[in-house]
Amino acid sequence: MNWFHLLRMAKWARHPPSPAQIKLGLGVIALCLAIYSIERWVGWPEWMSLEAERVPNRVLR
């Protein structure tokens, strides 16, 4: 384990995040899960999909 991680864990043990920071983090995670579940349930919009450009088949010699 990196020393930086140990120092960060010690800092969090001494000064834990405020309830507002915890709510913000959980809100961001909930928003990401909501967007993911809507995308899986409804599907990906056609206008957001990229179309591959057609390149003619060329034989390299």
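Each remark here, short or long, concerns the structure printed above.
J.: Talk me through the overall build of the protein; I want residue IDs and the actual numbers.
T.: Counting its regular elements, the protein contains two helices and zero strands. Considering the protein as a whole, with its 61 residues, one finds that 0% of them fall into the buried category. Working note: accessible area of the protein is about 6900 Å², and carbon and sulfur atoms make up 66% of it.

J.: Which residues make up a nonpolar patch on the surface, and what values do they have?
T.: Taken together, M1, W3, L6 and M9 make up a surface patch of nonpolar side chains, about 530 Å² in accessible area. Secondary-structure assignment places L6 in helix α1 (residues 3-14). By relative accessible area, L6 is classed as partly exposed at 36%.

J.: Let's hear about helix α2 (residues 19-42): which residues, and what values?
T.: The end-to-end C-alpha distance of α2 is 34 Å, a good match for the 34 Å that 24 residues give at a rise of 1.5 Å each. α2 sits mainly on the outside: zero of its 24 residues count as buried.

J.: I'd love a proper account of α1, names of residues and values included.
T.: For α1, built from twelve residues, the straight-helix expectation of 16 Å at 1.5 Å per residue is met to within 8% by its first-to-last C-alpha distance of 17 Å. Little of α1 sits out of view: just zero of its twelve residues are buried.

Thresholds, definitions, all that
Residues numbered from 1 in each chain as written. Predicted model: local features only at pLDDT ≥ 70, side-chain atom pairs only at ≥ 80, totals over all residues. Heavy atoms only, no water. Helix = DSSP H or I, 4+ residues; strand = E, 2+ residues; numbered from the N terminus. Buried < 20%, exposed > 50% of the residue type's maximum accessible area, 1.4 Å probe, protein only. Areas by Shrake-Rupley, 256 points an atom, 1.4 Å probe, with all protein chains shown as cover. Patch = residues over 30% accessible without salt bridge, like charges linked within 9 Å, V, L, I, M, F, W, Y side chains within 5 Å. Salt bridge = Lys/Arg side-chain N within 4 Å of Asp/Glu carboxyl O. Expected span 1.5 Å × (residues − 1).

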